Amino acid sequence: MQRINDLPIRSKFILLYLLGVLLPIAILLSYVLTNVAAEMRAREALNARLSLGRVYDALNQHFSGAVSLGNAVSADTELERLLALSYESPAVYYGTYYMDIRRTLNRYSLAYAQQVTGIALYTENPTIANGGSVQQITPQVREQEWFPAVLPAEARMRVYLRQQVGQTGILQLCLTRSLHMDGPYSVVLRIDLNMEPVNRLVADENTFLSVYLVAPDGTAVCYPGSMQDSHITDRSVRPPATVDLMVAFGERTAMQGWQLTADINDEPMNQNIREAIWIGLLLGALCSVFAAFMALVFSHSILDRSRRLLRHMDTMTAENFCPITREYGRDEIGELTAHFNAMGSRLKQLINDLYVLRLQKKSMELENVRAELKYLQAQVDPHFLFNTLNALLVLSVRNGHQEEAEIIRALSKILRRMLDTTSDVVPLSTEMAFVHMVLKLERFRFGDKLQYAFDVSEAASARTVPVMSVQGLVENACKHGVQGVNGQGLIRVEARVEADGALVVEVSDNGVGIEPSRLIALQKQIESPQDMADSIGLQNIYRRLSLHYGHAVSLTLRNAEGRGTVVMIRIPQTTEE
């Protein structure tokens, strides 16, 4: 551990990057890429087997259609009867051929048009003339590769070279069999298979598989490019000596002895493996570069702040207590820097305290004297005002000015209530008595123009509200509602307790109301934490209510149905109530 502690921080980061990042990435890439290559090879081998199986099934189905056609022709008794007849002349035979035999063969050809391209019958009947789909068995016919060596012959796939227009020759597959007829003549059926689907199946797999259809003698009948290869005519093409896949057709079928082999084309798979390796190496390189960059950034962050901290520690020995003003972060070094700044500030403060302690004590004594003087002055000013109001009250009563005396008495009570700071929350009944005195003063100002009415339930009277909260709403209604009315103004104060226990107080006037856009803006300003340029009273009332009851309280403004404005405060029920 001591050796690790002795290493510089940058060396520690380099060692951590080499052993903790670069080496694990190299090991992980080697393991992953090896497994990916093996997985891709296994998947490609499985796909090759599936592809060969698909080709085998398609060919088997294709050949089975030809076998079914041969069985159908062999079971046709009418065709058997026509081929066994002895015809008097070629004209009689051609009449029977065009009227019956050819129609029958065409019907079978149309039924299996996708599997076969033609049907031909070869017979030993000497009265049947050559022509069309029926031929006589001649020595030249017997020498052809497709002709069975032994008659009667079972159904077997044969191969022969057939000329086509535009081509030198193609290898044609055909199904040959003897028709089991009771007549005196042997009849051989040859069904030419449609080679286009067979060659298309082989060509479709050419990208990943080289498929060979191998005859019993070992020659390849169909293989990639067989339709364009000139060597196909001499039957010299054979499949590779070693193939990757092979499947044999059934021993009891017409394809006895035939095989389907395939050689897997490794180049696309190897290309995919190379791409995967390059992608893995690229990702590994990107991760390594990114990790190296982050290690460089982190090491630079730690070294830079550590060196700056050491420099400030050195300057502290010279009684230089300047704090580190640059951003120092929130990690361990940042916390150490913050504690260092705090320690320097405390040392500087302790040193300063030794020199300015007496001066501070004198300053504090002077402030205490000033505060005491202000307190005595604050006591003298209200007493002087109360004495003056009492003198005016006595003078008004003595001279018979009862209305003025009531106003002075109400003003004295309001002043005493405003100077009372013993409680910030009072019952609503007390607040309504204070509102009543305020409206008396306002009525002295407006005269008969101002009328007011109260509608407060008993349950609401017992609830508590902040001091001067309702008074502020009433004063606002007098200022902005009644003052702008040409006729008689009316202020109405209603208070009730709703079903959920909330206290609702509404103060309404019959003024001109507020424009809707102004009303929305005013509502937002009241609830905003920023101070309002106007309507400070409403915002202060809302803030006092929020301090007492939280965000559950609300102060809303709306225009009355007829005219005027309604201000409503809704105070939730507290646990004390």
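My aim in this report is to walk through the structure given alongside it, one point at a time. Values in this document were obtained by computation on a predicted structure and should not be read as measured data.

Reading the values: rules and limits
Residues numbered from 1 in each chain as written. Predicted model: local features only at pLDDT ≥ 70, side-chain atom pairs only at ≥ 80, totals over all residues. Heavy atoms only, no water. Core = buried A, V, L, I, M, F, W, Y, C linked by side-chain atoms within 4.5 Å. Buried < 20%, exposed > 50% of the residue type's maximum accessible area, 1.4 Å probe, protein only. Helix = DSSP H or I, 4+ residues; strand = E, 2+ residues; numbered from the N terminus. Polar contact = N/O pair within 3.5 Å; in protein donor to acceptor, adjacent residues only side chain to side chain. Axes fitted to C-alpha atoms, helices over the stretch in contact; angles between N-to-C directions. Parallel < 35°, antiparallel > 145°, perpendicular 65-115°, else oblique. Left-handed = near helix turned anticlockwise from the far one by under 90°. Contact = heavy atoms within 4.5 Å. Nonpolar A, V, L, I, M, F, W, Y, C, P; charged D, E, K, R; others polar. Pairing = 2+ DSSP bridges. Patch = residues over 30% accessible without salt bridge, like charges linked within 9 Å, V, L, I, M, F, W, Y side chains within 5 Å. Areas by Shrake-Rupley, 256 points an atom, 1.4 Å probe, with all protein chains shown as cover. Salt bridge = Lys/Arg side-chain N within 4 Å of Asp/Glu carboxyl O.

Grouped together as the largest cluster of nonpolar side chains are 51 residues, with contacts concentrated most on Ile101, Leu213 and Trp258. Sort the elements by how many residues they give to this core and helix H2 (residues 9–74) lands first, with nine residues. Within the second largest apolar cluster, 34 residues are counted, among which are Met432, Val465, Leu503 and Tyr549.

Locating Arg190 in the fold gives a position in strand S5 (residues 187–193). Of the polar contacts made by the side chain of Arg190, one reaches the side chain of Tyr122; its length is 3.3 Å.

A cis amide bond links Leu151 with the next residue in sequence, Pro152, at an omega value of -5 degrees. Note that Pro152 resides in the loop between helix H5 (139–142) and strand S3 (156–164).

Two elements in contact, helix H10 (residues 428–446) and helix H12 (residues 469–482), have axes separated by 8 Å at closest approach and are oriented at 25 degrees. Put simply, H10 runs roughly parallel to H12. Judged by the twist between their axes, the crossing of H10 over H12 is right-handed. Only Ser469, Val470, Gln471, Val474 and Cys478 of H12 make contact with H10, whose side of the interface consists of Leu428, Glu431, Met432, Phe434, Val435, Val438, Leu439, Glu442 and Phe446. Classifying every residue of the contact of H10 with H12 gives ten nonpolar, two polar and two charged.

Here the focus is the sheet that holds strand S9 (residues 259–264). Strand order in the open sheet made by the four strands is S7-S6-S9-S8, with antiparallel pairing throughout. Every other strand in the sheet has two partners, leaving strand S7 (220–222) and strand S8 (245–248) as the edge strands with one partner each. Shown here is a sheet whose adjacent strand axes are inclined to one another by a mean of 30 degrees, direction ignored. Both S8 and S9 contribute to a ladder of four bridges, which runs antiparallel. Residue pairing in the sheet places Ala248 in a bridge with Gln259 of S9. Lying over the sheet, helix H6 (residues 195–204) contacts strand S6 (209–214) and S7, oriented at roughly 100 degrees with respect to S7.

To continue, consider the pairing of S5. Most of S5 is tucked away: seven of the seven residues are buried. The alternating pattern of S5 places Val187, Leu189, Ile191 and Leu193 on one face and Val188, Arg190 and Asp192 on the opposite face, and all of these are buried. One ladder, built from seven bridges, connects strand S1 (residues 116–123) with S5; its direction is antiparallel. If you follow Ala120 over to S5, its bridge partner there is Arg190.

A few words now on the environment of Trp258. As for its position among the elements, Trp258 is in the loop between S8 and S9. Remark: the alpha-carbon pair of Trp258 and Leu213, spanning 45 residues in sequence, is separated by 7.5 Å. Apart from residues no more than four positions distant in its own chain, Trp258 is found in contact with Met157, Val159, Leu173, Leu213, Val214, Ala215, Pro216, Val221, Ala248 and Phe249.

We now examine a nonpolar patch on the surface. Nonpolar side chains collect at one region of the surface, where Ile14, Leu15, Leu18, Leu19, Leu22, Leu23 and Ile27 lie side by side and expose about 620 Å² of accessible area between them. Mapped onto the fold, Leu22 is located in helix H2.

Let us look at the pattern of salt bridges. Counting across every chain of the model gives 13 salt bridges. We note a salt bridge from Glu78 to Arg81, for which the minimum N-O separation is 2.6 Å. Placement of the pair is Glu78 and Arg81 together in helix H3 (residues 77–84), with a separation of three residues, close to one helical turn. The residue Glu196 makes a salt bridge to Arg200 at a minimum N-O spacing of 3.6 Å. With Glu196 and Arg200 both in helix H6 and four residues apart, the pair spans about one turn of that helix. Here Glu196 falls in the exposed class, since its relative accessible area comes to 54%. One salt-bridge network, in which partners are shared between bridges, spans Arg496, Glu498, Asp500, Glu506, Arg558 and Arg570.

The subject of this paragraph is H6. Regarding H6, the residues found buried are Met195, Pro197, Val198, Asn199 and Val202. Structurally, the start of H6 carries an N-cap: the backbone nitrogen of Glu196 is 3.2 Å from a side-chain oxygen of Asn194.

In this section: the sheet that holds strand S14 (residues 503–509). The sheet built from five strands is open, its strands ordered S11-S13-S14-S16-S15 with mixed pairing. Each edge of the open sheet carries a strand with a single partner, namely strand S11 (450–456) and strand S15 (554–559). The average angle at which neighbouring strand axes cross in this sheet is 15 degrees, direction not considered. With seven bridges joining them, S11 and strand S13 (residues 489–497) adopt parallel strand pairing. Following the sheet pairing, Phe454 is matched in S13 by Val493. Sitting on the sheet, H10 is in contact with S11, S13 and S14, with an inclination near 170 degrees to S11. On top of the sheet, H12 reaches S11, S13, S14 and strand S16 (565–571); it is set at about 150 degrees to S13, its chief contact.

Turning our eyes to something else, we now look at the packing of H3 against helix H4 (residues 90–111). Relative orientation and spacing of two packed helices are given, respectively, by the angle between their axes and the distance between those axes. The contact between H3 and H4 brings their axes to 11 Å, and the two run at 140 degrees. The way H3 lies across H4 gives a crossing that is left-handed. Residues Leu79, Leu82 and Leu83 of H3 form the contact with H4, whose participating residues are Thr96, Asp100, Ile101 and Leu105. Residues of the contact of H3 with H4, tallied by class, amount to five nonpolar, one polar and one charged.

Tracing the backbone through its elements, the reader meets Leu79 in helix H3. Counting along the chain gives 25 residues from Leu79 to Thr104, while the straight-line C-alpha distance between them is 7.7 Å. Beyond its immediate sequence surroundings of up to four residues, Leu79 is in contact with Val73, Ile101, Leu105 and Leu121.

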